[in-house]
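A closer look at the structure
Here's the letter readout for the chains.
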Amino acid sequence: MAAPAPCHWRAGLVLAFALAALAAGACTAARPPAPSRAAAPSPVPASGAAPAPVRLSLVASTALTTDTAFPALGAARFGGVSGCAWDEQDGSVWVVSDDRAAPRIFRVDVEAVKGTLSVVPRQVIDLAQGSGADDWPPVLDLEAIAIDGPRLLVASEGDGARRPRVPPAILAFGRDGRLLTRIPLPAHVVPEPMGDQRRGVRSNRALESLTLAGNDTLITATEGPLVQDADGPDFERGARVRWLTFTRAGDGWSYDRDYEYPLDTVRRPEGFGASHVEAGLVELFGLGPGRVLALERAFVRETGGSRRATNHVAVFDVAVPGPAAPETGLAKRLVIDLADVAPRLVPRLRNLDNFEAMCQGPSLADGSRTVLLVSDNNFNARQTTGFVLLRIEEPRDPEVAPPDGTPPPLRVHVDTDVGPDDLAALAFLLARGDVEVTGVSLVEGISRPADGRWRVARLLEAAGRTGVPIGIPGPGHPVPPRRFPAEWRLDDRLMAGASRDDGHAVARGARDLLVEAFSRGDRVLALGPLTNVAAALTGRAATRGRPAVTAMGGAFGVAGNVARDNGPGTAEWNFHADAGAAATVMSRAAVTLVPLDATGQVPVTRDFVEGLAARATAPLGQLAVEWLSTLCPVAACHDVFAWDLVAAVTLVDPRVRLGEEAAGIDIVREGADAGRSLARRTLAGPHRIVTAVDRDAFTRVYAAAIGAP
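These lines cover the structure that appears in this document, whether it is placed above or below. (Residues numbered from 1 in each chain as written. Predicted model: local features only at pLDDT ≥ 70, side-chain atom pairs only at ≥ 80, totals over all residues. Heavy atoms only, no water.)

Some details on the overall build of the protein
A tally of helices and strands in the protein yields 12 helices and 31 strands. When the 709 residues of the protein are sorted by exposure, 60% land in the buried category. Here the contacts in the protein between residues at least 6 apart in sequence split such that 69% fall between residues at least 24 apart. When the accessible surface of the protein is summed, it comes to about 26,400 Å², and 51% of that surface belongs to carbon and sulfur atoms. (Helix = DSSP H or I, 4+ residues; strand = E, 2+ residues; numbered from the N terminus. Buried < 20%, exposed > 50% of the residue type's maximum accessible area, 1.4 Å probe, protein only. Contact = heavy atoms within 4.5 Å. Areas by Shrake-Rupley, 256 points an atom, 1.4 Å probe, with all protein chains shown as cover.)

Side note on the pattern of salt bridges
If the charged atoms of two oppositely charged side chains come close together, the side chains can form a pair. Counted by the stated rule, this structure contains 35 salt bridges. Here the residues in one salt-bridge network are Asp87, Asp90, Arg107, Asp109, Arg122 and Arg175, joined through shared partners. (Salt bridge = Lys/Arg side-chain N within 4 Å of Asp/Glu carboxyl O.)

Observations regarding helix H12 (residues 695-706)
For H12, spanning 12 residues, the distance from its first C-alpha to its last is 17 Å, which sits close to the expected 16 Å at 1.5 Å a residue. Of the residues making up H12, those classed as buried are Ala697, Phe698, Val701, Tyr702, Ala703, Ala705 and Ile706. N-cap assignment for H12: the residue whose side-chain oxygen lies 3.1 Å from the backbone N of aspartate 696 is aspartate 694. (Expected span 1.5 Å × (residues − 1). Polar contact = N/O pair within 3.5 Å; in protein donor to acceptor, adjacent residues only side chain to side chain.)

So, the environment of proline 362
You can see proline 362 is positioned in the loop between strand E18 (355-361) and strand E19 (370-375). Exposure remark for proline 362: the relative accessible area of 9% places this residue in the buried category. Separated by 10 residues in the primary sequence, proline 362 and leucine 372 have C-alpha atoms spaced 8.3 Å apart. Contacts of proline 362, omitting those with residues within four sequence positions, involve Trp86, Val110, Glu111, Thr370 and Leu389.

Details of the side chain of serine 97
Tracing the backbone through its elements, the reader meets serine 97 in strand E3 (residues 93-97). You can call serine 97 buried: its relative accessible area is 0%. Here glycine 79 takes part through its backbone oxygen, which lies 3.0 Å from a polar atom of the side chain of serine 97. Non-local contacts of serine 97, meaning those with residues more than four positions away in its chain, are made with Gly79, Gly80, Ser82, Arg104, Phe106, Leu142 and Phe379.

Focus: the packing of aromatic side chains
A complete count under the given rule lists 8 aromatic pairs for this structure. Judged by centre distance (5.9 Å) and plane angle (80 degrees), the ring pair of phenylalanine 70 and phenylalanine 78 falls under edge-to-face. With respect to class, phenylalanine 70 is no different from phenylalanine 78; both count as buried. Pairwise contacts between aromatic rings join Phe70, Phe78 and Phe106 into one cluster. (Phe/Tyr/Trp six-rings, centres within 6.5 Å; stacked < 30°, edge-to-face > 60°.)

Points about the nonpolar core
One finds Phe428, Leu429, Val456, Leu459, Phe698 and Tyr702 to be the most contacted residues of the largest nonpolar core, which totals 63 residues. With residues near it in sequence (within four places) discarded, leucine 429 still touches Val412, Val414, Val435, Val437, Leu525, Ala648 and Val652. (Core = buried A, V, L, I, M, F, W, Y, C linked by side-chain atoms within 4.5 Å.)

Things to note about unusual backbone geometry
Between arginine 163 and proline 164 the backbone carries a cis peptide bond, its omega angle lying at 0 degrees. On the secondary structure map, proline 164 appears in the loop between strand E7 (151-156) and strand E8 (169-174). Here asparagine 378, not a glycine, exhibits a phi torsion of approximately 55 degrees, which is positive. By relative accessible area, asparagine 378 is classed as partly exposed at 39%. Even without being glycine, phenylalanine 379 reaches a positive phi, approximately 55 degrees.

Quick look at the packing of helix H11 (residues 643-652) against H12
Where H11 meets H12, the axes come as close as 10 Å, and the angle between the chain directions of the two elements is 85 degrees. Taken as axis vectors, H11 and H12 run roughly perpendicular relative to one another. On H12, the residues touching Leu645, Val646 and Val649 of H11 are Phe698, Val701 and Tyr702. Of the residues that constitute the contact of H11 with H12, the class distribution is 6 nonpolar, no polar and no charged. (Axes fitted to C-alpha atoms, helices over the stretch in contact; angles between N-to-C directions. Parallel < 35°, antiparallel > 145°, perpendicular 65-115°, else oblique. Nonpolar A, V, L, I, M, F, W, Y, C, P; charged D, E, K, R; others polar.)

Some thoughts on the pairing of strand E16 (residues 309-319)
Buried residues dominate E16, accounting for 8 of its 11 residues. Here strand E15 (residues 291-302) runs beside E16; their pairing, made up of 11 bridges, is antiparallel. Opposite arginine 297, over in E16, you have valine 313 as the bridge partner. Between the antiparallel neighbours E15 and E16 lie 6 residues, among them glycine 304 with a positive phi of about 80 degrees. For E16 and strand E17 (residues 332-337), the ladder comprises 5 bridges, and the chain directions are antiparallel. Along E17, the bridge assignment pairs valine 318 with lysine 332. (Pairing = 2+ DSSP bridges.)

Regarding the sheet that holds strand E6 (residues 142-148)
Ordered by their spatial adjacency, 4 strands build an open sheet running E6-E7-E8-E9, and the pairing between neighbours is antiparallel. Bordering the open sheet on either side are E6 and strand E9 (179-183), each of which pairs with just one other strand. With strand direction ignored, the average angle separating the axes of adjacent strands in the sheet is 25 degrees. For E7 and E8, the ladder comprises 6 bridges, and the chain directions are antiparallel. Paired with leucine 152 across the bridge in E8 is phenylalanine 173.

Looking at the sheet that holds E18
With antiparallel pairing, the 4 strands of this open sheet are ordered in space as E1-E20-E19-E18. The open sheet terminates on both sides in strands that have one partner only, identified here as strand E1 (55-64) and E18. Adjacent strand axes in the sheet meet at a mean angle of 20 degrees when their direction is disregarded. Sheet analysis places E19 next to strand E20 (residues 385-393), joined by 5 bridges and oriented antiparallel.

Section: the pairing of strand E12 (residues 239-249)
With 8 of 11 residues buried, E12 is to be regarded as a mostly interior element. Bridge analysis of strand E11 (residues 217-222) against E12 gives 5 bridges, and the strand direction is antiparallel. Bridged to leucine 218 within E12 is phenylalanine 246. As defined by bridge partners, E12 adjoins strand E13 (residues 252-263) across 11 bridges and the pair is classed as antiparallel. Residue pairing for E13: arginine 242 is matched across the bridge by glutamate 260.

Structural notes on helix H2 (residues 420-431)
Given a rise of 1.5 Å per residue, 12 residues ought to cover 16 Å, and the 17 Å separating the end C-alpha atoms of H2 matches this to within 8%. Among all positions in H2, only Pro420, Asp421, Asp422, Leu423, Ala424, Ala425, Leu426, Ala427, Phe428, Leu429 and Leu430 are buried.

Comments concerning the side chain of arginine 432
Position of arginine 432 relative to the elements: it lies in the loop between H2 and strand E22 (435-442). By relative accessible area, arginine 432 is classed as buried at 7%. There is a polar contact of 2.8 Å between the side chain of arginine 432 and the side chain of aspartate 434.

Focus on the packing of H2 against H12
For the pair H2 and H12, interaxial distance at closest approach is 8 Å and the crossing angle is 65 degrees. Considering their axes alone, H2 and H12 lie roughly perpendicular with respect to each other. By crossing handedness, the relation of H2 to H12 is classed as left-handed. For the pair H2 and H12, the contacting residues are Ala424, Ala425, Phe428 and Ala431 in the first and Val701, Tyr702, Ala705 and Ile706 in the second. Along the lines of polarity and charge, the residues of the contact of H2 with H12 split into 8 nonpolar, no polar and no charged. (Left-handed = near helix turned anticlockwise from the far one by under 90°.)

Here's what the structure looks like:
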């Protein structure tokens, strides 16, 4: 919770408009684009309204060993899967193998039944030189496939190590394996045949992806930066790769333009020293016009005699600007980090693997769409051809009750210091039919965990959710080193008339509950100091990947609310209370941060409270209004804002956000400005900062949730 202090919320609006103006001024068209350092991202597509992000949840997984034989394939080995595509005609999946010695395409039946995944290859198509042989590349290294009616479009990486160099290619084949045509590529991605290379794709970092985004847009991307761009990502820096779009031209395709896609810095695995790093963009999957999922993969192998190695695989949601938009930079949102679900994969995949393919999978029994991920075993006995099926949890109108058979609710664990706005935020989550609160952990802040426990228990009882576990810091658990001002601390007046016999037994500590939430892939919503979250992230079960955390905290373009001799300082209290924990979370998690810049745009006014009171006839709504009234008495509201409510609502319904940006975030650890948050605004930043919110949309969404039953 951010405690009462001047927040100067109008400054947040100024910041949002300034950022929008900056982005608009920095964007340049590209045909081809300037080198990747020149372009700036736009946080929303050209239409002006960012689509609500999808979510992915694990359905099932399976793994095939390299020596698995399939009678339908004869002597052909199944493996080397580097791309896949769903066939609408018969519900099969086409996959390409990157075996240069025998390039081929497989047709596979994939079915999910009662939590198990069945994968049965049923056909192999050898790509033999037939008609169009004059246009046949000397090397085919198949990396991706898309289905365009009767044609199979495939991307070949080429071979940059040969002389003359074999350039990348996009080729159209018939379903019998006969080459039909080649789609021309722009000159700036094609390397010189001989001599020093000054342009084009790098060897083994070429075209790794191919997808249709709507009927008239074809997209491919380079795995790594072009030679004329910066180097690839490592532990110290991110990078940008080229994303090429083509438009339909008669029976063929014509190159349109480049965009720049950001790759994050690679996270150094716990305890690794000097390491070899390979990371890049390996697949795209078009969800529809202007909407694409991107698959990123990183492989880290420790050098110097160690054999330790690990894989990092993540899927991002990307909105592609329309054809008339001037932007060349793309913004992305993390959808799923496979490390979060790795403990629930089949054993051979729990260290993940070389995932390179992503496409639509079979629909589930309830009609839900799916995404299929496939790993490339490189025909290596130590690797696996793994299949992971993920449910697409479609965005829904927050005011329309979901019909039977819709995707499961968003699972949220709440870490809170149990202030009035924390409780009102928790009431909102409990009232939503599309949210499942999986646990509540308590941290020292506005209230003491021992006192806050009773308030949370009362709320869970009103919601009929007494089975939700409550965790408090146990013996030896870290506590925030700086305490909130005594005049802000809450006492039992918030619980007047409430019984302390809540029936809740705290079976586990706060840290343990959070570790379990991270291991399940639940979203963590942090509404107080980040002490508990940091402790859980340093635990053994939560060290892989960057878990998703939404946190209320920080201040960037507005004053903080930590008092200084001459007024507010630069820090916000949640971060100031435990600056070290805030820094740890920024280094280990992918954080969507809701700072004072955004929360200050929703003041809790007399009209706001009275409006909620008029609608809150349900028990949860009545409790929310009761606690908001203690924060802001109806007769006098001053410098009070909907801090944690804004964080909760923007987590559940991203459409309330009017602006956000990618950034790296640094935290001042010591001194009077401990907790001050500093943004490094960059496309490659691992975090998102919500810069502006729609106050009217926020009020409508919140009131709809806590209104009449």
